[in-house]
Amino acid sequence: MGVSAVDAAVPVVTGIGVVAPTGIGTDAHWQAVLSGKSGISRISRFDPSPYPVRIAGEVPGWEVTEHVPGRLVPQTDFWTQTSIAATTEALADAGVDPKELPEYSMGVLTAASSSGAEFGQHEMGRLFTQGPDWVSTYQAVAWFFAATTGQLAIKHGMRGPSGVICCEQAGGLDTMGHAKRLLGMDDGTRLIVAGGTDAPLCPYALVAQITNGKLSTVDDAASAYLPFSAEASGYVVGEGGAILIVESRESAEERGVDSYGHVAGYAAGMDPPPGSERPPALKRTIELALADAKIRPSDVDVVFADGAGVPELDLAEADAINAVFGPGGVPVTVPKTLTGRLYAGGASLDVATALLALRDGVIPHCGGFERLAPGCDIDLVRGQPRQGPLTTALVLARGHGGFTAALVLRRDQA
Amino acid sequence: MSEFTLDDLREIMRTSVGVDEGVDLDGPIGEVEFAELGYDSLALAEVVSQVNRRFRVSISDDEALELTTPGSVVRSVNGLLAQVVR
């Protein structure tokens, strides 16, 4: 086949694994999204009554021993465990047995944000109440940002270029962009385990988030998180995320597997400091991602928005989308309304959902509200999914502190 | 203080560091290397730390590195317990 060197390096996504409030497994998640089934409810992991935030998106029906080898359970936080489960599913979905590929040709790039907060809180509690001898040895490896990447690399024997990206909600897209760069370097890397999950639901992690002032304190699961709505009151937090197998087109063709689509373009930006006269980075980041993909705004069929749920941030995002695409010029959706914002897992899950949308030719809807906020005159897909052929999706993400990323995904032409 | 047995160690291994699929901790593991049972140095450090706390002995990290089998841990702990009794 006449595959050029450029085409050979194009990063395609061949496997998806999901652990999210919408369900465990890609199929469960996608069915929940299409039927508008929310995973947000009152927090059950601990008693939330003393806190101003009492609802969140929790992963339903999680049994750790079904997903994580016995030796790994005591040395990992729930965050790492959800990534282990999602990676197992993603590798199987891609038809990859890591033992059959050269160990230096595979890398792991995960996003991290809350890291092993619950594990850390437990061990810090033991330190303060019982003394240093009572702290688990695994505290040394369980709670820091690189723990998930490290455990996945060890478990699957992947010794190629690896790392962890900490850009809060934007990190999931950054892993995809970085994977694209690595696969284009022609250094023998053929496959990257990308994406990420998060586990921000323990008292220690929750109170740290509450200080940012952006979490909704509305005590009703159905109306607490309504991005772009006139009733927007902040966001809801959730746990889980998605893992994506990203490999060069050459690698996928050699293995004889299909892909969901390819990573066509990526850009990252950083907002100016508070009080600056300069505009937020999002519009420019979208333009750069489209330029990287060598496409025009009119080529984009759907935008998966960041959907902060904070009125001024929603308005800024609507402004950026309308500036690039024209007012109401492109369908916009926010499946996060069913899960809450999953930080390191949030954009990763949006990438998974966007690829499923491209596969099935359907834009998932966001439910729960009627009126758009003044100024947010975007074509938000509401009420029911919108059917139609889709070729190109743009995924947006913004992380606390100004992190901004945009990713263009395109379906491979049959 | 009562004797420290291989079963005591098995229970600590199960609850503190877990067991790999395909490993039978109930088998004759006394003289099997920890590495062969799937336990690395970090796992051994955690096991020894638990033994120290529960049986009020004091095996240092350096001493722990010399303990390469479950049997050697049992002998070391019982040696220390005998000193305490005396």
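This write-up is about the structure you can find in this document. Keep in mind it's a predicted model, so treat the numbers as computed, not measured.

Reading guide: rules and limits
Residues numbered from 1 in each chain as written. Chains lettered and ligands numbered in written order. Predicted model: local features only at pLDDT ≥ 70, side-chain atom pairs only at ≥ 80, totals over all residues. Heavy atoms only, no water. Phe/Tyr/Trp six-rings, centres within 6.5 Å; stacked < 30°, edge-to-face > 60°. Buried < 20%, exposed > 50% of the residue type's maximum accessible area, 1.4 Å probe, protein only. Lys NZ or Arg CZ within 6 Å of the ring centre and 35° of its normal. Helix = DSSP H or I, 4+ residues; strand = E, 2+ residues; numbered from the N terminus. Pairing = 2+ DSSP bridges. Contact = heavy atoms within 4.5 Å. Buried area = accessible area lost by both parts, 1.4 Å probe. Salt bridge = Lys/Arg side-chain N within 4 Å of Asp/Glu carboxyl O. Polar contact = N/O pair within 3.5 Å; in protein donor to acceptor, adjacent residues only side chain to side chain. Nonpolar A, V, L, I, M, F, W, Y, C, P; charged D, E, K, R; others polar. Arc of directions from axis to C-beta. Patch = residues over 30% accessible without salt bridge, like charges linked within 9 Å, V, L, I, M, F, W, Y side chains within 5 Å. Areas by Shrake-Rupley, 256 points an atom, 1.4 Å probe, with all protein chains shown as cover.

Describing the packing of aromatic side chains
Inspection of every chain in the model, using the stated rule, returns five aromatic pairs over all chains. Where B:Phe34 meets B:Tyr39, the ring centres are 6.5 Å apart and the plane angle is 85°; that geometry is what we call edge-to-face. Assigned by exposure class, B:Phe34 and B:Tyr39 land together as buried. The ring of A:Phe78 has A:Arg45 sitting right over it, with the charged end atom 4.1 Å from the ring centre. Looking at A:Arg341, its charged tip hangs above the ring of A:Tyr235, at a distance of 5.5 Å from the centre.

Remarks on the pairing of strand S15 (residues 392-399) of chain A
All names here are of chain A. Within S15, eight of the eight residues are buried, leaving the element largely enclosed by the surrounding structure. Across the two faces of S15 the burial is the same, with Thr-392, Leu-394, Leu-396 and Arg-398 and Ala-393, Val-395, Ala-397 and Gly-399 all buried. Note that strand S10 (residues 302-304) and S15 share three bridges and pair parallel. By the bridge assignment for S15, Phe-304 is matched with Val-395. Bridge count for S15 against strand S16 (residues 403-410) is eight bridges, and the pairing is antiparallel. Each residue of the ladder has a partner; that of Val-395, found in S16, is Leu-407. Between S15 and S16, which pair antiparallel in sequence order, lie three residues; one of them, Gly-401, sits at a positive phi of approximately 100°.

Concerning the interface of chain B and chain A
Facing 15 residues of chain B, the contacting portion of chain A comprises 12 residues. Of the roughly 1100 Å² buried where chain B meets chain A, counting both sides, 51% is carbon and sulfur surface. On the surface where chain B and chain A come into contact, there are one salt bridge. One salt bridge connects B:Asp40 with A:Arg71, and the closest N-O pair in it is separated by 3.9 Å. Joining chain B to chain A, the criterion identifies five residue pairs in polar contact (both at pLDDT 80 or more). At six residues, the largest contribution of residues to the side of chain B that touches chain A is made by helix H2 (residues 41-55) of chain B. Here the residues of the side of chain B that touches chain A sort into six nonpolar, four polar and five charged.

A few points about helix H7 (residues 147-156) of chain A
All names here are of chain A. Within H7, seven of the 10 residues are buried, which leaves it mostly tucked inside the rest of the structure. When H7 is considered as a whole, its buried residues turn out to be Ala-147, Thr-148, Thr-149, Gln-151, Leu-152, Ala-153 and His-156. Elements that come into contact with the buried residues of H7 comprise helix H4 (78-94), strand S5 (106-111), helix H6 (139-142), strand S6 (163-165) and strand S7 (191-198). Downstream of H7 by a residue or two, Gly-157 has a phi angle that is positive, lying close to 60°.

Some remarks on helix H11 (residues 282-292) of chain A
Residue and element names in this part refer to chain A. Within the span of H11, buried status applies to Leu-282, Thr-285, Ile-286, Ala-289 and Leu-290. Looking straight down H11, one finds that the buried residues subtend no more than 135° of arc, so they occupy a single side. Turned more than 90 degrees away from the buried face of H11 sit Arg-284 and Ala-291, all of them exposed. Looking one or two places after H11, you find Lys-294, whose phi comes out positive at around 55°.

Here's the deal with a nonpolar patch on the surface
Taken together, the side chains of A:Met124, A:Leu127 and A:Phe128 present a nonpolar region at the surface, about 290 Å² in accessible area. Mapped onto the fold, A:Met124 is located in helix H5 (residues 117-129).

Focus on the pattern of salt bridges
Throughout the structure, instances matching the rule amount to 21 salt bridges over all chains. Taking the shortest distance from any N to any O, the salt bridge between B:Arg54 and B:Glu11 comes out at 2.9 Å. Highlighted residues: B:Arg54 in helix H2 and B:Glu11 in helix H1 (residues 6-16), separated in sequence by 43 residues. The exposure class of B:Arg54 is partly exposed, given its relative accessible area of 39%. According to the relative accessible area criterion, B:Glu11 is partly exposed, its value standing at 39%. In this structure, a network of salt bridges that share partners links the residues A:Asp306, A:Glu317, A:Arg341 and A:Arg398.

Don't take any of this as a statement about function, it's just geometry.
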